[in-house]
Amino acid sequence: MNNFKAVVIGGSAGSFPLVVKILSSLPKDYPFPVFLALHRLKHIRNGFVEALSIKSNIPVIEPHDKQQIKPGIAYLAPSNYHMYVELGNTIALSTEEMVKYSRPSIDLTFDTASYVYKDKMVGVIVSGANTDGADGIRKSKERGAYTIAQNPDEATIKTMPDAAIKAAQMDHILTIDEICKFLVSIKP
Amino acid sequence: MEIEIDIKEIRTLVTAIKTNYGFDFGEYALSSFKRRLSRILEVYKFENMQKLTDRVATDKPFYELFLKEVTVNTTEMFRDPSFWKKMKESVFPLVKDFPVIRIWHSACSSGEEVYSMAIALKEAGLYDKARIFASDINEDVIAKALEGKYPARNMELNGFNYEKYEGPKKLNNYFKTNGDYAYMDLDLLKNVTFKKFDLVQGDQFQRFDIILCRNVLIYFNLPLQDQVIAKFAKCMSLGGFLAVGSKETIAWCKSAENFSTFSLEEKIYQKKI
């Protein structure tokens, strides 16, 4: 499959090893930016990005506000900020109210990313313990994005992929190994 | 069902506001501005953007309300404790011998950071020589700051931040809880002046040694960020300190040439001498 521009991944409880696995399976010259909207402990500002970086083949960074988006980089939503994709190929951050008790909010990253990338975006929802991400992936789907949920049977905590599947007709429901393969197979 | 907002509709609204009231949202960051509009459509039950635009354009009191709704006022006491620690340990020692320490909270919201600063200064023995100017575009949040009354449930997080900041006391030394609210010790405002001020269009004629502008620039696009940073540069003493949010940077602004980096990690810049 081709004609893509960005990958957006949302996850919460139980998602850390999955995201590590995804990042370690992507090639060094991955042709897309990867946006990671992951719930995290609010007051631990450092450490997470390092932990994700260890096995990743592409750089993992917590972007600054208005940072330019480049392919081959994973952008992790910083602690206590929402991460938005802004028109003009930059990232914008926000301290707006929490959504579904979450900041970063998975819904908001999916919403803003799909507003910009439309059918050029792949959205993936993996393990998590609340329903954040469901509204975001529904909107992404409405805007033509390609949507994937982790197979709930495989997820450590299935609430989040279950909610995504309920909210919109996913293009695929896949195991984490299949998600990795799919993300490697897609082309710009 | 949420209404999908088109960029053209946002431009129409921005033009209508500019024409009728002279206020320019054209350089606000689009994604957050759009989200604020979604929220307003929902809360005030507008069927579409056209109806909101018509109402804002023709109803001045509603426009005033719109201005307040569109700005973001989330804040915490001692938010980013490591930042406040850096202020205490590295910035305060450099200003402690000033006869007067002039501080500007340039978008003070409901005042949590003003109280944090007052507490930090007090504990450092610097409060009496501090003159704190706190401003915001929204007078409702200024009224909240002056009242010093916050939901008691917020104090847990604020207290947690204060502990991480390694304050010498307990945060509850500075407030009393009564029912659902915490009431701040208003003595902390003795040297604080609040004023309504628009960071984008207002002119600042005072000079400051420390300016806080944390998590405000994120709602602006880069040209407007640059403009505001340039404004700060003009009203700061040489060697004065400018603090922005932990994930904000002035690095991409032309006006950054007026500053050197004092703490990269905590986003504290120093006006070049």
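Trainee: Explanation requested: the overall build of chain A in the structure shown.
Mentor: What chain A contains, in helices and strands, is 6 helices and 9 strands. In terms of overall dimensions, chain A has C-alpha extents of about 35 × 30 × 30 Å along its principal axes. The buried share among the 188 residues of chain A stands at 61%. When contacts within chain A are restricted to residue pairs at least 6 apart in sequence, long-range pairs at least 24 apart make up 71% of them. On chain A, roughly 7,000 Å² of surface is accessible, and the fraction owed to carbon and sulfur atoms is 56%. When the 21 basic and 19 acidic side-chain charges of chain A are each reduced to a single mean position, those positions are 3 Å apart.

Trainee: Mind showing me how you'd approach helix α4 (residues 134–142) of chain A here?
Mentor: Counting along an α-helix, one turn takes 3.6 residues, and residues three or four places apart therefore face a common direction. Residue and element names in this part refer to chain A. Taken as a whole, α4 has its buried residues at A134, G136, I137, K139 and S140. In the core, the buried residues of α4 are packed alongside α3 (106–117), β7 (121–125), β8 (146–150) and α5 (159–167). Immediately downstream of α4, the backbone of G144 shows phi near 100°, a positive value.

Trainee: How should I be thinking about a negative patch on the surface in this particular structure?
Mentor: Residue and element names in this part refer to chain A. On the surface, D153, E154, D162 and E178 cluster together to form a negatively charged patch. Following the sequence through the fold, D162 ends up in helix α5. When its relative accessible area of 33% is taken as the criterion, D162 is described as partly exposed.

Trainee: What am I meant to see in the domain arrangement of chain B here?
Mentor: Interface extent is often summarised as the accessible area lost during association of the parts. All names here are of chain B. Partitioning chain B into domains gives domain 1 (7–70) and domain 2 (81–271). Computed from C-alpha atoms alone, the centre-to-centre distance between domain 1 and domain 2 is 29 Å. Taking both partners together, domain 1 and domain 2 bury about 940 Å²; carbon and sulfur atoms supply 50% of that area. On the domain 1 side of the interface with domain 2, the three residues burying the most area are E27, Y28 and K68, jointly 57% of the side's total.

Trainee: Even after reading the chapter, I still don't get the sheet that holds strand β2 (residues 34–38) of chain A, so can you show me in this structure?
Mentor: Note: strands within a sheet are paired through backbone hydrogen bonds, in either parallel or antiparallel orientation. As summarised here, the arrangement of the 7 strands in space is β3-β4-β2-β1-β7-β8-β9 (chain A), forming an open sheet in which the pairing is parallel. Every interior strand has two partners, whereas the edge strands, β3 (60–61) and β9 (172–174) of chain A, have only one.

Trainee: I keep staring at the pattern of salt bridges and nothing clicks. Help me out?
Mentor: Pairing is possible between side chains that carry opposite charge, provided their charged atoms lie close to one another. For the coordinates displayed, the defined rule picks out 32 salt bridges over all chains. Two residues, D24 of chain B and K18 of chain B, come together in a salt bridge whose shortest N-O distance is 3.5 Å. On the basis of relative accessible area, K18 of chain B is assigned to the partly exposed category, the value being 46%. One salt-bridge network, in which partners are shared between bridges, spans K100, D107, D135, R138 and E142 of chain A.

Trainee: Would you explain the sheet that holds strand β4 (residues 175–178) of chain B in this entry?
Mentor: Residues and elements named next belong to chain B. With antiparallel pairing, 3 strands are arranged side by side in an open sheet as β3-β5-β4. Two strands in the sheet have a free side with no partner beyond their single neighbour: β3 (149–151) and β4. On average, adjacent strands in this sheet sit at an angle of 30° to one another, irrespective of strand direction. Alignment of β3 against strand β5 (residues 181–184), held across 3 bridges, turns out to be antiparallel. What sits directly across from Y150, in β5, is A182.

Trainee: So what exactly am I meant to see when it comes to the packing of helix α3 (residues 49–58) of chain B against helix α4 (residues 60–70) of chain B here?
Mentor: The relative placement of two packed helices is expressed as an angle between their axes plus a distance between the axes. Residue and element names in this part refer to chain B. Contact geometry of α3 with α4 gives a least axis separation of 5 Å together with a crossing angle of 115°. With respect to their mutual orientation, α3 and α4 come out roughly perpendicular. Side by side, α3 and α4 meet where L52, R55, V56 and T58 of the first sit next to K60, F62, Y63 and F66 of the second. Its residues assigned to classes, the contact of α3 with α4 comprises 5 nonpolar, 1 polar and 2 charged.

Trainee: Teacher, can you tell me more about the packing of aromatic side chains here?
Mentor: The geometry of an aromatic ring pair is captured by the separation of the ring centres together with the interplanar angle, meaning the angle of the planes. Residues and elements named next belong to chain B. Scanning the model with the defined rule gives 28 aromatic pairs over all chains in all. Centre to centre, the rings of W104 and F133 are 6.3 Å apart; their planes meet at 45°, and the pair counts as tilted. Here W104 is found in strand β1 (residues 101–105), whereas its partner F133 is found in strand β2 (residues 130–136), with 29 residues between them in sequence. The burial state of W104 is the same as that of F133; both residues are buried. Put simply, the rings of F23, F25, Y28, F33, F66 and F220 touch in pairs and so form one group of aromatic residues. The side chain of K149 reaches across the aromatic face of Y181, ending 4.4 Å from its centre.

Trainee: Please clarify how helix α9 (residues 222–234) of chain B should be interpreted in this entry.
Mentor: Residue and element names in this part refer to chain B. Under the 1.5 Å per step criterion, the end-to-end length of α9 is 19 Å for 13 residues, consistent within 8% with the ideal 18 Å. Where α9 is buried, its residues touch β1, β7 (208–213), β8 (236–244), β9 (259–263) and β10 (268–271). The backbone nitrogen of L224 lies 3.1 Å from a side-chain oxygen of the residue at the head of α9, namely N221.

Trainee: Sorry, what's going on with the pairing of strand β5 (residues 82–86) of chain A here?
Mentor: Two faces belong to every sheet, and in a regular strand the side chains alternate between them. All names here are of chain A. Burial runs high along β5: 5 of the 5 residues are buried. Burial along β5 is two-sided: H82, Y84 and E86 facing one way and M83 and V85 facing the other are all buried. Sheet analysis places β5 next to strand β6 (residues 90–94), joined by 5 bridges and oriented antiparallel. In the sheet register, H82 faces β6, and the bridge partner there is S94. Taking the residues between adjacent antiparallel strands as the criterion, β5 and β6 are bridged by 3 residues, where G88 takes a positive phi near 90°.

Each value, and the rule that gives it
- Residues numbered from 1 in each chain as written.
- Chains lettered and ligands numbered in written order.
- Predicted model: local features only at pLDDT ≥ 70, side-chain atom pairs only at ≥ 80, totals over all residues.
- Heavy atoms only, no water.
- Helix = DSSP H or I, 4+ residues; strand = E, 2+ residues; numbered from the N terminus.
- Buried < 20%, exposed > 50% of the residue type's maximum accessible area, 1.4 Å probe, protein only.
- Contact = heavy atoms within 4.5 Å.
- Areas by Shrake-Rupley, 256 points an atom, 1.4 Å probe, with all protein chains shown as cover.
- Lys, Arg positive; Asp, Glu negative; His and termini not counted.
- Charge placed at Lys NZ, Arg CZ, Asp CG, Glu CD.
- Patch = residues over 30% accessible without salt bridge, like charges linked within 9 Å, V, L, I, M, F, W, Y side chains within 5 Å.
- Salt bridge = Lys/Arg side-chain N within 4 Å of Asp/Glu carboxyl O.
- Domains from an automatic or database assignment.
- Buried area = accessible area lost by both parts, 1.4 Å probe.
- Pairing = 2+ DSSP bridges.
- Axes fitted to C-alpha atoms, helices over the stretch in contact; angles between N-to-C directions.
- Parallel < 35°, antiparallel > 145°, perpendicular 65-115°, else oblique.
- Nonpolar A, V, L, I, M, F, W, Y, C, P; charged D, E, K, R; others polar.
- Phe/Tyr/Trp six-rings, centres within 6.5 Å; stacked < 30°, edge-to-face > 60°.
- Lys NZ or Arg CZ within 6 Å of the ring centre and 35° of its normal.
- Expected span 1.5 Å × (residues − 1).
- Polar contact = N/O pair within 3.5 Å; in protein donor to acceptor, adjacent residues only side chain to side chain.

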